[in-house]
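Spelled out, the chains give:
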Amino acid sequence: MPHVLQPSERERFRLTLNTDGRPHPVENVLAVVTLVCGVVAFVATFWTSAHMIASWVGTLGFGVGLYSQYVSATTPQRVLNIVGLVGAFVGAALGIAHGGFLPHP
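The following refers to the structure shown. Note that residues are indexed from 1 along each chain, following the sequence as it is written. With pLDDT at 70 or above as the cut-off, local features in this predicted model cover only qualifying residues; side-chain atom pairs require 80 or more to be listed or tallied, and sums for whole chains, interfaces and linings still use all residues. Think of the side-chain values as coming from all heavy atoms in the structure, minus any hydrogens and water.

### Here's the deal with the side chain of Thr74
Line of reasoning, step 1. The helix count covers DSSP runs of H or I at least four residues long, the strand count covers runs of E at least two residues long, and both are numbered beginning at the N terminus. Inspection of the secondary structure puts Thr74 in the loop between helix 3 (51-71) and helix 4 (75-98).
Line of reasoning, step 2. Definition of a polar contact: a pair of N or O atoms within 3.5 Å, with one able to donate and the other able to accept a hydrogen when the atoms are protein atoms, and with sequence-neighbouring residues admitted only if both atoms are side-chain atoms. Separated by 2.6 Å, the side chain of Thr74 and the backbone oxygen of Leu17 make a polar contact.
Line of reasoning, step 3. In what follows, a contact means two residues having at least one pair of non-hydrogen atoms within 4.5 Å. Look past the residues within four positions of Thr74 in its chain and what remains in contact with it is Leu17, Asn18, Thr19, Asp20 and His24.

### Re the packing of helix 2 (residues 25-44) against helix 4
Line of reasoning, step 1. The interhelical angle for the contact between helix 2 and helix 4, taken along N-to-C directions, is 30°, at an axis separation of 7 Å. What the angle tells us is that helix 2 and helix 4 run roughly parallel. The interaxial crossing formed by helix 2 with helix 4 has left-handed handedness. For the pair helix 2 and helix 4, the contacting residues are Glu27, Asn28, Leu30, Ala31, Val32, Thr34, Leu35, Gly38, Ala41 and Phe42 in the first and Gln77, Leu80, Asn81, Val83, Gly84, Leu85, Gly87, Ala88, Val90 and Gly91 in the second. Between the N-to-C directions of two axes lies an angle of 0 to 180 degrees, each axis being a line fitted to C-alpha atoms and, for a helix, fitted only over the stretch in contact. Any angle that falls under 35 degrees is termed roughly parallel, while one over 145 is termed roughly antiparallel, one within 65 to 115 roughly perpendicular, and all others oblique. The sense of a crossing depends on the near helix, which, turned anticlockwise from the far helix by less than a right angle, makes the crossing left-handed and, turned clockwise, makes it right-handed.

### Section: the side chain of Ser55
Line of reasoning, step 1. Relative to the assigned elements, Ser55 resides in helix 3.
Line of reasoning, step 2. Note on Ser55: relative accessible area 0%, which makes it buried.
Line of reasoning, step 3. In this structure the side chain of Ser55 is engaged in a polar contact, spanning 2.7 Å, whose partner is the backbone oxygen of His51.
Line of reasoning, step 4. Once you skip the residues sitting within four places of it in the chain, Ser55 turns out to touch Gly91, Ala92, Gly95, Ile96, Gly100 and Phe101. Burial here depends on accessible area, computed with a 1.4 Å probe over protein chains only, as a share of the maximum for the residue type. Under 20% is buried, over 50% is exposed, and the range in between is partly exposed.

### Observations regarding the packing of aromatic side chains
Line of reasoning, step 1. Working definition: a ring pair exists when centres of Phe, Tyr or Trp rings (six-membered ring for Trp) sit within 6.5 Å. Plane angles under 30 degrees give stacked, over 60 give edge-to-face, the rest tilted. According to the stated counting rule, one finds four aromatic pairs in the structure shown.
Line of reasoning, step 2. Here Trp56 and Phe101 contribute two aromatic rings whose centre-to-centre distance is 4.9 Å and whose plane-to-plane angle is 65°, an arrangement assigned as edge-to-face. Here Phe101 lies in the segment after helix 4 and Trp56 lies in helix 3, a separation of 45 residues in the sequence.
Line of reasoning, step 3. In this structure Phe101 comes out as partly exposed when scored by relative accessible area, which is 29%.
Line of reasoning, step 4. Three or more aromatic residues joined by ring pairs make a cluster, and in this case those are Phe42, Phe46 and Trp47.

Distances and angles like these do not, on their own, reveal function.
Structure below.
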């Protein structure tokens, strides 16, 4: 049972989204795009003058994230999708609250 608690010396940690052993290039790209849009939208909410960026990128990330979650094939893809979806939703909501999709007159 000690092999369960400690990984063996020959098994190296590998960061991959394809944990099932098959390539999923489209699903991987969608998951990464969702994550990037979510992070950008969330970070843009720290400045109220960036409400347009937060609103548009958040809405785009939320839409892409929903589709990406629908077609995702592995658990790591789903993790990136959920993190990106939450960031995109918060970014879009706060961007709309700070001024919306259009610039102030």
